[in-house]
2 protein chains.
Amino acid sequence: MSTTTTRDWEGELHTHARRVTKQRLAVLAVVERFPHSSAEAIAKVARETLPALTVQSVYVVLADLHTLGMVRRIEPPDSPALYETRTGDNHHHAVCTGCGRVEDVDCAVGHTPCLTPSSTTMTIRIADVLYRGLCRDCEAAQSTEATLATPNFPSPTNQR
Amino acid sequence: MSTTTTRDWEGELHTHARRVTKQRLAVLAVVERFPHSSAEAIAKVARETLPALTVQSVYVVLADLHTLGMVRRIEPPDSPALYETRTGDNHHHAVCTGCGRVEDVDCAVGHTPCLTPSSTTMTIRIADVLYRGLCRDCEAAQSTEATLATPNFPSPTNQR
DNA sequence: AAGGTTATTATGACTCACTCACAATAAGTG
DNA sequence: CACTTATTGTGAGTGAGTCATAATAACCTT
């Protein structure tokens, strides 16, 4: 049950002319189970069921799956790249500047939002929106912390 | 003339209780002159007028100026962080997936766009939109290249 | 204008995320 | 089952950036 998946990864790999390996399946299972995971984190979890798996291989696998479009890669500031299997729809992400937590955010507008910038000579293909804010927990923590710390000396943006 | 600036950096540094040093002024002048420059690139240009300046110092200066809000830092995928002096307005950026060129893009909507995501429990502070597309030159280059290369085997996203 | 204090910079070592070359392994094919 | 070749493991290497510490130089005081 540790490798239960909802999608037919084996089939998708086949259609992309890729061999179906334990490593790829393990990585895909972990990414599906824990969206917004870093390569390192994925390796750690995958090694529970596949101890010989190396981090380097995870990088290689993820890079390949990414070029295939089977995983999406997001690169929040001050964080290693994160991966998710939810591709195809163009949803966006909100990162908590306190704890680094990442949440999916559906399009503000129903369809591709902000895809018509006011002024540019480029032909725009995609628009990634990265929201930054504070999650519930961090907001609570911050307000209590503010009463404890020196009030007029805000700590530098030390987010994760 | 190499250090001509339009803004009163000296004054701004003073109001932020920072000492006015050659290094800071040099960095600010370069960032103002060449927006969307990397730390390395900034160091290279700044060294023309201040040869002893080290890259590490540029990193330190930029980090500090960033926490002060005097420079804005953008982190395009597959690129080192880039810096610009245009702060305060919330404009966005378009990166060319061909050559890595970065252009400023004013808000699609007149005011803060997409600041009301449909669903999230976070308190959103800012929304950075990153457009990706092809600039004129790369679009031209790509179409001619397409006629030369194997047509049905698109090269992997090798963007800079 | 000189001296002292303390922020700032230079130096060099170091980390982190990730890539690359090459040898070992194992999918898939006949 | 053997064979071919993609894939993985191994180990070294790179680029971007940080950190500790010593040297330097702004700014304040006088």
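Residues numbered from 1 in each chain as written. Chains lettered and ligands numbered in written order. Predicted model: local features only at pLDDT ≥ 70, side-chain atom pairs only at ≥ 80, totals over all residues. Heavy atoms only, no water.

Around DNA strand C, a shell composed of 20 residues is seen, among which V20 of chain A together with T21, Q23, R24 and S57 of chain B lie nearest. Here Y59 of chain A contributes a side-chain N or O atom positioned 3.2 Å from a phosphate oxygen of DNA strand C. Taking A81 of chain A, its main chain carries an N or O atom lying 3.1 Å from a phosphate oxygen of DNA strand C. Of all elements in the fold, only α4 (55-68) of chain A together with α2 (22-33) and α4 (55-68) of chain B reach the threshold of two or more residues within the surface near DNA strand C. (Near = heavy atom within 4 Å. Polar contact = N/O pair within 3.5 Å; in protein donor to acceptor, adjacent residues only side chain to side chain. Helix = DSSP H or I, 4+ residues; strand = E, 2+ residues; numbered from the N terminus.)

Our next topic: the pairing of strand β5 (residues 102-105) of chain B. Judged from the four bridges that link them, strand β4 (residues 92-96) of chain B and β5 of chain B form a sheet pairing that is antiparallel. In the strand pairing of β5 of chain B, V95 of chain B is matched with V102 of chain B. (Pairing = 2+ DSSP bridges.)

Below, the discussion takes up the interface of chain B and chain A. Between chain B and chain A, the residue contacts involve 36 residues of the former and 36 residues of the latter. Roughly 3,300 Å² is buried in total at the junction of chain B and chain A, and carbon and sulfur atoms are behind 50% of that figure. Taken together, chain B and chain A are joined by two salt bridges. With its nearest N and O atoms 2.5 Å apart, the salt bridge here joins D128 of chain A to R132 of chain B. Where chain B touches chain A, the interface holds 14 residue pairs in polar contact (both at pLDDT 80 or more). The set of elements that each furnish at least two residues to the side of chain B that touches chain A consists of β4, β5, β6 (123-134) and α5 (136-148) of chain B. (Contact = heavy atoms within 4.5 Å. Buried area = accessible area lost by both parts, 1.4 Å probe. Salt bridge = Lys/Arg side-chain N within 4 Å of Asp/Glu carboxyl O.)

Here we come to the pattern of salt bridges. Applying the stated criterion across every chain yields a total of 21 salt bridges over all chains. We note a salt bridge from D106 of chain B to R86 of chain B, for which the minimum N-O separation is 2.7 Å. Highlighted residues: D106 of chain B in the loop between β5 and β6 and R86 of chain B in the loop between β3 (82-84) and β4, separated in sequence by 20 residues. Residue classification places R86 of chain B among the partly exposed residues on the basis of a relative accessible area of 30%. Via salt bridges that share partners, R72, E84 and D128 of chain A together with R132 of chain B belong to a single interconnected network. (Buried < 20%, exposed > 50% of the residue type's maximum accessible area, 1.4 Å probe, protein only.)

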